[in-house]
Amino acid sequence: MNKRRLEQFRQLLQANQQALQDQLRQQAGQRIAENLSERRQDESIEGLLDRPFNALSDQDMDRLRKEIRRLAAVLRSRIALRQKRAKSGQLDAKATIRANLKHGSVPIEIKHRDHRLKPRLVVMCDISTSMRPCSELMLSLVFGLQDQISKTRHLLSSTA
């Protein structure tokens, strides 16, 4: 390689290195901005939790509803994972022996204890004027988890 070719190659390497540094700075800046915006949203929700419901605006209630939907989705995924892990259940020795008597007590068919995977839920809500926003949020959380709950009963009372 001649000197001119080496110099071109060196300049190309420097340009590539500079472009890579610029991209890294830009990516780091975007990541920092995303983290700050997430932190601001979390802080704003924590601020909402400290205020009474009658002091919340419609926009604040919408943010609370959105957070309830997010919480329901997180709980739904955790419950589904737990149910998936528990599907095999615990070995039921008595049922296994009983089921395999026809095979000369050789355990060919393994039996497991059935798990009651879906809980039953009873929700008591006061739907009077003062408690309506709180009841609405609780019922929206229960509604979001309805596919994970086997039976739900809503007991609504109003002391108007």
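Residues numbered from 1 in each chain as written. Predicted model: local features only at pLDDT ≥ 70, side-chain atom pairs only at ≥ 80, totals over all residues. Heavy atoms only, no water.

Chemist: Honestly, the side chain of Asp60 in this entry has me stumped. Any pointers?
Modeler: In this fold, Asp60 is placed in helix α2 (residues 58-86). Overall, the relative accessible area of 7% leaves Asp60 in the buried class. The contact partners of Asp60, leaving out residues within four places of it in the chain, are Leu48 and Arg51. (Helix = DSSP H or I, 4+ residues; strand = E, 2+ residues; numbered from the N terminus. Buried < 20%, exposed > 50% of the residue type's maximum accessible area, 1.4 Å probe, protein only. Contact = heavy atoms within 4.5 Å.)

Chemist: When you look at the environment of Ile68 in this model, what are you seeing that I'm missing?
Modeler: Structurally, Ile68 is set in helix α2. Between the C-alpha atoms of Ile68 and Met138, which are 70 residues apart in sequence, the distance is 8.6 Å. With near-sequence residues (within four places) excluded, Ile68 lies in contact with Leu137, Ser140 and Leu141.

Chemist: When you look at the side chain of Thr96 in this model, what are you seeing that I'm missing?
Modeler: In this structure, Thr96 sits in helix α3 (residues 93-99). Look past the residues within four positions of Thr96 in its chain and what remains in contact with it is Leu91, Pro107, Glu109, Ile110 and Lys111.

Chemist: What's the story with the nonpolar core in this structure? I'm lost.
Modeler: Side chains of nonpolar character tend, in soluble globular proteins, to be buried together. By size, the foremost hydrophobic cluster in this structure holds nine residues: Leu48, Leu56, Met61, Leu64, Ile68, Ala72, Leu137, Leu141 and Leu145. Breaking this core down by element, the ones donating at least two residues are α2 and α4 (132-144). Take this core: its biggest share by element is four residues, from α2. (Core = buried A, V, L, I, M, F, W, Y, C linked by side-chain atoms within 4.5 Å.)

Chemist: Is there a simple way to explain a nonpolar patch on the surface in this structure?
Modeler: On the surface, a cluster of nonpolar side chains totalling about 300 Å² of accessible area is made up of Phe9, Leu12 and Leu13. Residue classification places Leu12 among the partly exposed residues on the basis of a relative accessible area of 48%. (Patch = residues over 30% accessible without salt bridge, like charges linked within 9 Å, V, L, I, M, F, W, Y side chains within 5 Å. Areas by Shrake-Rupley, 256 points an atom, 1.4 Å probe, with all protein chains shown as cover. Salt bridge = Lys/Arg side-chain N within 4 Å of Asp/Glu carboxyl O.)

Chemist: It is not clear to me how the pattern of salt bridges should be interpreted in this structure. Could you clarify?
Modeler: All chains considered together, the criterion is met by seven salt bridges. Taking the shortest distance from any N to any O, the salt bridge between Glu7 and Arg10 comes out at 3.2 Å. Here the residue Glu7 and the residue Arg10 both occupy positions in helix α1 (residues 3-49), the gap between them amounting to three residues, near one helical turn. When its relative accessible area of 36% is taken as the criterion, Glu7 is described as partly exposed. What you see here is one network of salt bridges that share partners, running through Asp62, Arg65 and Glu136.

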